[in-house]
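A look at the structure
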Amino acid sequence: MTLFLLPSILLVISAVHAFQFEELAHYVDSHQEEYVEALRDWVAVESDSSDVLKRPELHRMMEMTAQKLRSMGGNVQLVDIGVQELPDGQTLALPKVVTGQFGSDPNKNTVCVYGHVDVQPAKIEDGWATEPYNLTDINGNLYGRGASDNKAPVLAWMHAVEAYQALNMELPVNVKFVVEGMEETGSNGLDAMILAQRDTFFSDVDFIIISDCGWLSRRPALTYGTRGNCYFFAEVEGPKQDLHSGVYGGTVIEPMTDLIGILDTLISPSGKILVPGIREAVAPLSDEEWRMYQDIEFDINDYKSKIGVNQLMYTNKVDLLAHRWRYPTVTIHGIEGAFSAPGSKTVIPAKVIAKFSIRQVPDMEPAVVKKQVTDYLHSVFAKRKSPNTLKVTMIIGAKPWLADTKHALYEAGRTAIKKVFDMEADLIREGGTIPIARTFQDVTGKSIIMLPIGGFDDGLHSQNEKMSRYNYIEGTKLFITYLNEVAQIKKSV
Ligand SMILES: *[C@@H]1O[C@H](CO)[C@@H](O)[C@H](O)[C@H]1NC(C)=O
Ligand SMILES: [Zn+2]
């Protein structure tokens, strides 16, 4: 009798894919110290992609990443993406992109986790309280360069897969990894690699997951949009060399005066972009968006004190979030050729180049923005009747990225967050640009979710970057749970 019953019971259990969260969570808790040690080993590698002298460290970091995936039994490749051209004409090998694969069951969904293991520069002299490459635990915060951006999240994904393996539980989805080492300097070579592997590595991927951003508050978040960026140079050139302002001032029409004059016509003091056509192109704020923003946890006073200002452009939460995420803005970054050293040099600079950018949002098109800005600045400049010459160029045209929050990927995210944190997820956007999201979307046509585990105060790119143990460990549980939730999404055909 029992002999007949047993197989049918087993069948039922495997059919509902019982998700043993408690066991997995317990496994994560009891391996916490190992996870911290793994992060310590990774943070100790100065994988600064901007410093050519650190390139051997970066190569070592990619090798360590590959080794970690190999040790987990993955099918791992180190993909050569060629060389980088240096300003002096020399070439330097780019760090290889690490790909890994766990499982290839055609009946399961396949997710591809993207992350990076290169970091921003860091020196203790910059004002770090601890050695930036020596992970230091202070009150449950793990301080170290790259801890939050993006080493701990990458490790957390690996540990999530490892936990299933260690408990002999079948992975609910096939998991692929793409880990690069040039993110902080613009992901050189990655676009080409994605394009080249579109019909191979990426062909069976259903969903792409990026965990390279942070929460907005203490509430866990799902990120569904990023702004793009159009970066411009405006060059005004006059006399054939710099001049003495005492000797020539008053007779020469000065390039700097022209430049400041036209820059001042880009944006009003109240933040209104004055370039015709730009505001008109922006998708209007829907009632639904307004309600979503209204529900988000965001403390204006915290935000003000974090950046050290006592007045912001707007006074209410919805306006602030909307202008941070879904409206364009103009920022003037600097002027090359201007006298900027200490002291009081009485110079008339002969040629000055302003650097400014416009953050892109739906439905702005970089090519259109380029024309709008160029035409407008030339028309403003023409009114000055200056003999100097103006040249406007757009050197970056990165598009924004926006996901559908009603997509099953986001439903899965909300469910997983509820399960692990017992909180509703905040649905947020990033004001900054993560161009790779848009590339993945455009090249592979797959749906993408950003599932951050970094804290709102992790200090990415600044001094004293950290990842809290809480976010690291609970984030690992979130990833474990998320894999199970994504398995429930009906496989597209
Ligand atoms: C890292 O910091 C600890 C103290 O937190 C210290 O004992 C250790 O020597 C440091 N290691 C290195 C390599 O600097
Ligand atoms: Zn990052």
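Computed from a prediction, not measured in an experiment: that's the story for all the values here. (Residues numbered from 1 in each chain as written. Chains lettered and ligands numbered in written order. Predicted model: local features only at pLDDT ≥ 70, side-chain atom pairs only at ≥ 80, totals over all residues. Heavy atoms only, no water.)

From N to C terminus, the chain includes 16 helices and 20 strands. For 493 residues, the compact-globule estimate of 2.2 N^0.38 gives 23 Å, and the C-alpha radius of gyration of the chain, at 25 Å, lies within 12% of that figure. The principal-axis extent of the C-alpha atoms belonging to the chain is close to 105 × 50 × 45 Å. The buried share among the 493 residues of the chain stands at 51%. Sequence-distant contacts, at least 24 apart, represent 79% of the contacts inside the chain between residues at least 6 apart. Accessible area of the chain: about 22,900 Å², with a carbon and sulfur share of 53%. (Helix = DSSP H or I, 4+ residues; strand = E, 2+ residues; numbered from the N terminus. Rg over C-alpha atoms; globule rule 2.2 N^0.38 Å. Buried < 20%, exposed > 50% of the residue type's maximum accessible area, 1.4 Å probe, protein only. Contact = heavy atoms within 4.5 Å. Areas by Shrake-Rupley, 256 points an atom, 1.4 Å probe, with all protein chains shown as cover.)

Below, the discussion takes up the side chain of Glu 235. Residue placement: Glu 235 occurs in strand β11 (residues 228-237). Non-local contacts of Glu 235, meaning those with residues more than four positions away in its chain, are made with Lys 351, Val 352, Ile 353, Thr 389, Leu 390 and Lys 391.

Considered for burial, the residues of helix α10 (residues 287-295) that qualify are Glu 289, Met 292 and Tyr 293. For α10, the arc enclosing every buried residue in end-on projection is 95°, short of the 170-degree limit, so these residues lie on one face. For α10, exposure combined with an orientation more than 90 degrees from the buried face picks out Asp 287 and Asp 295. (Arc of directions from axis to C-beta.)

Bringing the packing of aromatic side chains into the picture now. The relation between two aromatic rings is expressed through the spacing of the ring centres and the mutual angle of the planes. Throughout the structure, instances matching the rule amount to 12 aromatic pairs. When the ring of Trp 157 is compared with that of Phe 479, the centres are 3.8 Å apart and the planes differ by 5°; the resulting orientation is stacked. Of this pair, Trp 157 sits in helix α5 (residues 147-166) while Phe 479 sits in helix α16 (residues 469-487), placing them 322 residues apart in sequence. The pair formed by Trp 157 and Phe 479 is uniform in burial state, with each residue classed as buried. (Phe/Tyr/Trp six-rings, centres within 6.5 Å; stacked < 30°, edge-to-face > 60°.)

Quick look at the sheet that holds strand β7 (residues 141-143) now. With respect to topology, three strands assemble into an open sheet ordered β6-β7-β20, the strand pairing being antiparallel. Among the strands making up the open sheet, the edge pair consists of β6 (136-138) and β20 (466-468). Neighbour-to-neighbour, the strand axes of the sheet open up by a mean angle of 30°, direction not taken into account. Pairing of β6 with β7, which is carried by three bridges, proceeds in the antiparallel orientation. Its bridge partner lying in β7, Thr 136 is registered against Tyr 143. Most of the contacts of α5 go to β20, to which it runs at about 45°, and overall it touches β7 and β20. (Pairing = 2+ DSSP bridges. Axes fitted to C-alpha atoms, helices over the stretch in contact; angles between N-to-C directions.)

A few words now on the coordination of the zinc ion (ligand 2). Every protein donor of the zinc ion (ligand 2) is listed here as His 116 (NE2), Asp 149 (OD), Asp 212 (OD) and Asp 212 (OD), and their distances to the metal cover 1.8 to 2.7 Å. One can describe the site at the zinc ion (ligand 2) as irregular: its four donor atoms subtend angles covering 53 to 147° at the metal. (Donors = N, O, S within 2.8 Å, 3.2 Å for Na, K, Ca; no water. Tetrahedral: all angles 85-135°; square planar, octahedral: opposite > 155°, others 65-115°.)

Segmentation of the chain into domains returns domain 1 (16-226 + 401-486), domain 2 (229-279 + 330-398) and domain 3 (284-325). Between domain 1 and domain 3 the total buried area reaches about 1,100 Å² when both faces are included, carbon and sulfur atoms providing 49% of it. At the boundary of domain 1 with domain 3, the tally comes to three salt bridges. Notably, a salt bridge pairs Glu 289 with Arg 429, separated by 3.1 Å at the nearest N-O pair. (Domains from an automatic or database assignment. Buried area = accessible area lost by both parts, 1.4 Å probe. Salt bridge = Lys/Arg side-chain N within 4 Å of Asp/Glu carboxyl O.)

The next subject is the sheet that holds strand β16 (residues 389-398). In spatial order, the strands read β13-β15-β11-β16; together these four strands make up an open sheet with antiparallel pairing. Each edge of the sheet is formed by a strand with only one pairing partner; in this case those strands are β13 (330-336) and β16. Put simply, the sheet's adjacent strands are angled 20° from each other on average, direction ignored. Pairing of β11 with β16, which is carried by nine bridges, proceeds in the antiparallel orientation. The residue of β16 that forms the bridge with Glu 235 is Lys 391. Against the sheet, helix α8 (residues 255-263) contacts β11, β13, β15 (351-360) and β16, and its axis sits at roughly 15° relative to β15. The strands touched by helix α13 (residues 366-383) within the sheet are β11, β15 and β16, with β16 carrying the most contacts at an inclination of about 160°.

With that settled, consider the nonpolar core. Phe 177, Tyr 472 and Tyr 482 are the most contacted members of the largest nonpolar core, which totals 111 residues. The element that contributes the greatest number of residues to this core is α5, accounting for 11 residues. Both domains that meet at this core, namely domain 1 (16-226 + 401-486) and domain 3 (284-325), each give it at least three residues. With residues near it in sequence (within four places) discarded, Phe 177 still touches Leu 69, Val 98, Thr 99, Gly 100, Phe 102, Val 113, Trp 157, Met 158, Val 161 and Phe 201. Grouped together as the second largest cluster of nonpolar side chains are 29 residues, Leu 259, Ile 273, Val 275 and Phe 356 included. (Core = buried A, V, L, I, M, F, W, Y, C linked by side-chain atoms within 4.5 Å.)

This brings us to the pattern of salt bridges. Evaluated as defined, the whole model comprises 29 salt bridges. Between Glu 411 and Arg 414 there is a salt bridge whose closest N-O contact spans 2.7 Å. Here the residue Glu 411 and the residue Arg 414 both occupy positions in helix α14 (residues 408-421), the gap between them amounting to three residues, near one helical turn. Classification of Arg 414 by relative accessible area gives partly exposed; the value is 21%. Residue Asp 457 is joined to Lys 466 by a salt bridge in which the shortest nitrogen-to-oxygen separation is 2.9 Å. Three or more residues are tied together by salt bridges with common partners; here these are Asp 29, Glu 474 and Lys 477.

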